[in-house]
Amino acid sequence: MLQVADTDNARRYQSVVAEKADGATYTPQILARFVSERIVDNASLEDRKTITILDPAIGDGELVLALLESLQGRTQAALSVRGFDTNAAALKESSRRIQAAFPDVALELSSSNFLDFVLDAAGDYASPSLFSPKEPPLFDLIIANPPYVRTQIMGSERAQQLAVRFGLTGRVDLYQAFLLGMAQVLDPHGIAGIIVSNRFMTTKGGGALRAALRERLGLTEIFDLGDTKLFNAAVLPAVLVAKGSASSITEAARFVSIYETNDKAQTAEELRDPIEALAHAGIVSIADGRRFSVRHGILESSSDTGEIWRLTSESGDQWLACVDAHSWKRFGEIGKIRVGVKTCADKIFIRHDWDHTMGSDKPELLRPLTTHHGAGRFRATIPKKSRSILYTHEVVQGKRQAIPLDDFPKSRAYLETHRAALEGRSYVIDAGRRWYEIWVPQDPQAWSAPKLVFRDISERPTFWLDLDGSVVNGDCYWLVAKGNGDEDLLWLACAVANSTFAEAFYDHRFNNKLYAGRRRFITQYVENFPLPDPALPLSQDIIALAKTIYHSNHGPDAEGLERELDQLVWEAFGLPLEKVSR
């Protein structure tokens, strides 16, 4: 999912709930048909006398209708449908639609929460007991688009309850509990087709869920639908197709991904929509003028069940093997990647008008601040409004502490004018911290060292060296070489990270993009970026050229120098220069 402010998340998910409550079709018909066809194609329907179907969040019934249509002519079995939804209006509409189209189908709809049904019938997922209630009913086919509700929407208490009862860790989303609940009620010989956000497949926080799904389900197909914009909301969806038992799977799951690209289509054929494009491979165009890169492979088999889910193919594995053979270390091995400071009161601590508004009375503890406003490749740019931070921390005898304000009267006077607001940060006080502290100050000693700084989300990698001893804001990440080590390692890392090779490595290794081809450069990805041996002559050339680009200060020669450097980086990893899709 796109990362936006919590308030924006709240508005978005509230609107989704409202959309479902109004009886609108939350799952697009084109996607409902696709999921239902994948279920039927993977199911064993021969000689079945009865087929039981479950939709745990049925809404207006679009998914069930699509599945019943797909089953027509494929089975003579008696069909029964069980559906859950907490919205009475949605249930009434789904009942009307299903009974009108399929009057012979046995229909049981419950105005209740599916998770409560699972827990009442089967007990806790995390700690099953011999004294749990009767075995839950099992379903032959499950089709679902579970609700996507983050912790800040459902409330921390409810999230904690779900985490405990379903064995979840990290940030809890309602759909995660739904996935595990469905795994408990899917017949071992049954098939489920589930629409989810693709985010859990490639984040550390989704590790426990990925491990649980591998253990409890037999994954057969994964479709990463990327930035196809099949939903009105800013959701990057995926479709999981799975059998009810992991032991029934003898080969890796098929994996297909589709992401928009600016590259030229490889064939003149124009396809109807992104769903039709999934049957093709390479760069394809669709009727509305968009072009997509479609990749086919399998889900990587890993001994680490919590490993990210990525598409792998023979050519992709060979590519990564070549990179590994030419790699010396990973970024995370030369230094720890940290996110910048978080004050939880930016309007007080961070300003661009200290001189203008306060003149000679401005606080003594001001330090220059690096933010995304000055982001640049190799070297920061000069933002329209340079910001400084009132930084209230120091290191004494190896320990970080709040700076005593008695020696800094101007800083004290300024902070006192905002004391009520700062003391309103109850979590700071409850943690035994002083009222004027920054919530996440990071390491005060590290700011003076050379740093590699980079943005999170961007169309192109944007990494730069900070040699000015500035504090890094929470909208950027930063890395200092271990023990203030060899600065050249940072120059080498900056060169690799800003190359098109790094973009290609990202796509091969992490298989995850956001809208408009943007990539997420977060800790768990960047710490795995490779470095060539810095002692090699080619690496020395790369380091020297990176420094030259820095000192050109975004001058007219910078673009040509970057192209030259890009070629060297590819060569350092034993690969020919490739064009990278954006």
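What counts and how
Residues numbered from 1 in each chain as written. Predicted model: local features only at pLDDT ≥ 70, side-chain atom pairs only at ≥ 80, totals over all residues. Heavy atoms only, no water. UniProt positions renumbered as here; feature names shortened; annotations may be inferred. Pairing = 2+ DSSP bridges. Helix = DSSP H or I, 4+ residues; strand = E, 2+ residues; numbered from the N terminus. Buried < 20%, exposed > 50% of the residue type's maximum accessible area, 1.4 Å probe, protein only. Salt bridge = Lys/Arg side-chain N within 4 Å of Asp/Glu carboxyl O. Axes fitted to C-alpha atoms, helices over the stretch in contact; angles between N-to-C directions. Parallel < 35°, antiparallel > 145°, perpendicular 65-115°, else oblique. Left-handed = near helix turned anticlockwise from the far one by under 90°. Contact = heavy atoms within 4.5 Å. Nonpolar A, V, L, I, M, F, W, Y, C, P; charged D, E, K, R; others polar. Core = buried A, V, L, I, M, F, W, Y, C linked by side-chain atoms within 4.5 Å.

- You'll find the chain entered in an unreviewed UniProt entry as site-specific DNA-methyltransferase (adenine-specific), with Thioclava litoralis given as the organism.
- Note on the chain: under the UniProt heading Catalytic activity (unreviewed entry), the record states "a 2'-deoxyadenosine in DNA + S-adenosyl-L-methionine = an N(6)-methyl-2'-deoxyadenosine in DNA + S-adenosyl-L-homocysteine + H(+)".

### Here we look at the sheet that holds strand β14 (residues 337-339)
- With mixed pairing, 5 strands are arranged side by side in an open sheet as β14-β25-β21-β23-β17. The sheet is open, and its two borders are formed by β14 and β17 (378-379), each paired with just one other strand.
- Pairing analysis gives 3 bridges linking β14 to strand β25 (residues 476-479), with the strands arranged antiparallel. Opposite isoleucine 337, over in β25, you have leucine 479 as the bridge partner.

### Some remarks on the pairing of strand β8 (residues 254-260)
- The element β8 is extensively covered by neighbouring structure, given that 5 of its 7 residues are classed as buried.
- Summarising the sheet, strand β6 (residues 218-224) and β8 pair through 4 bridges and their orientation is parallel. Paired with phenylalanine 223 across the two strands is valine 256, which belongs to β8.
- Taken together, the 7 bridges between β8 and strand β11 (residues 291-299) define a ladder with antiparallel strand orientation. Counterpart to glutamate 260 in the pairing with β11 is phenylalanine 292.

### What about the pairing of strand β23 (residues 463-466)?
- Along β23, one buried face is formed by Phe463 and Leu465 and the opposite face, lined by Trp464 and Asp466, is buried too.
- Here strand β21 (residues 451-455) runs beside β23; their pairing, made up of 4 bridges, is antiparallel. From the neighbouring strand, phenylalanine 454 faces β23, where its bridge partner is phenylalanine 463.

### Some details on the pattern of salt bridges
- Using the criterion set out here, one finds 32 salt bridges in the structure.
- Taking the shortest distance from any N to any O, the salt bridge between aspartate 41 and arginine 38 comes out at 2.8 Å. Residue aspartate 41 and its partner arginine 38 are located together in helix α2 (residues 29-42), separated by 3 residues, close to a single helical turn.
- Classification of arginine 38 by relative accessible area gives buried; the value is 15%.
- Between aspartate 406 and arginine 412 there is a salt bridge; the shortest N-O distance is 3.2 Å.
- Counted as one network, the salt bridges with shared partners bring together Arg38, Asp41, Arg74, Glu221 and Arg254.

### A closer look at the packing of helix α11 (residues 314-325) against helix α19 (residues 500-509)
- As a packed pair, α11 and α19 sit with axes 10 Å apart at the nearest point and diverge in direction by 130°. Compared by their axis directions, α11 and α19 come out oblique. You can see that α11 and α19 cross each other, and the crossing is left-handed. Residues Gly316, Trp319, Leu320 and Val323 of α11 lie in contact with α19, whose contacting residues are Phe501, Ala504, Phe505, His508 and Arg509.
- Residue composition of the contact of α11 with α19, by class: 6 nonpolar, 2 polar and 1 charged.

### Here's the deal with the sheet that holds strand β15 (residues 350-351)
- Spatial ordering of the open sheet is given by β15-β18-β16-β24, a layout of 4 strands whose pairing is mixed. Each having just a single partner strand, β15 and β24 (471-472) make up the two edges of the open sheet.
- Bridge analysis of strand β16 (residues 366-370) against β24 gives 2 bridges, and the strand direction is parallel. Bridging across to β24, leucine 369 finds its partner in valine 471.

### Some details on the environment of leucine 186
- On the secondary structure map, leucine 186 appears in strand β5 (residues 186-197).
- Along the sequence, leucine 186 and alanine 242 sit 56 residues apart, while their C-alpha atoms lie 9.7 Å from each other.

### Comments concerning helix α3 (residues 62-71)
- α3 sits mainly inside the fold: 9 of its 10 residues count as buried.
- Those residues of α3 that sit buried are Glu62, Leu63, Val64, Leu65, Ala66, Leu67, Leu68, Ser70 and Leu71.
- If you follow the buried residues of α3, they end up packed against α2, β1 (50-55), β2 (78-84), α4 (88-101), β4 (139-144) and β5.
- Backbone geometry just after α3 places glycine 73 at a positive phi near 80°.

### Some points on the side chain of serine 95
- Position of serine 95 among the secondary structure elements: in helix α4.
- Not counting chain neighbours up to four residues away, the residues in contact with serine 95 comprise Leu107 and Leu109.

### Quick word on the nonpolar core
- Counting residues in each nonpolar core, the largest one holds 52 residues, and the members touching the most others are Trp319, Phe331, Leu452, Phe463, Phe501 and Phe529.
- Residues in contact with phenylalanine 463, not counting those within four places in the same chain, are Gly376, Arg377, Phe378, Leu452, Val453, Phe454, Cys494, Ala497, Asn498, Phe521, Val526 and Phe529.

### Remarks on the packing of α3 against α4
- At their nearest, the axes of α3 and α4 sit 10 Å apart, and the two run at 15° to each other. As far as their axial angle goes, α4 and α3 are roughly parallel. As α3 packs across α4, the resulting crossing turns out to be right-handed. Counted together, Glu62, Val64, Leu65 and Leu68 of α3 and Arg97, Ile98 and Ala101 of α4 form the full contact between these two elements.

### Focus: unusual backbone geometry
- At aspartate 47, a position not held by glycine, the phi torsion is positive, near 60°.
- You can see aspartate 47 is positioned in the loop between α2 and β1.
- At lysine 229, a residue that is not glycine, the phi angle is positive and equals roughly 60°.
- Mapping lysine 229 onto the fold places it in the loop between β6 and β7 (237-243).
- In this structure lysine 229 comes out as partly exposed when scored by relative accessible area, which is 44%.

### Digging into the environment of glutamine 76
- With respect to the element layout, glutamine 76 can be found in the loop between α3 and β2.
- Considering only alpha carbons, one finds glutamine 76 and threonine 50, 26 residues apart in sequence, at a separation of 8.5 Å.

### What about helix α9 (residues 207-216)?
- Listed as buried for α9 are Gly207, Leu209, Arg210, Ala211, Ala212 and Leu213.
- Of the surrounding elements, those touching the buried residues of α9 are α8 (174-185) and β7.

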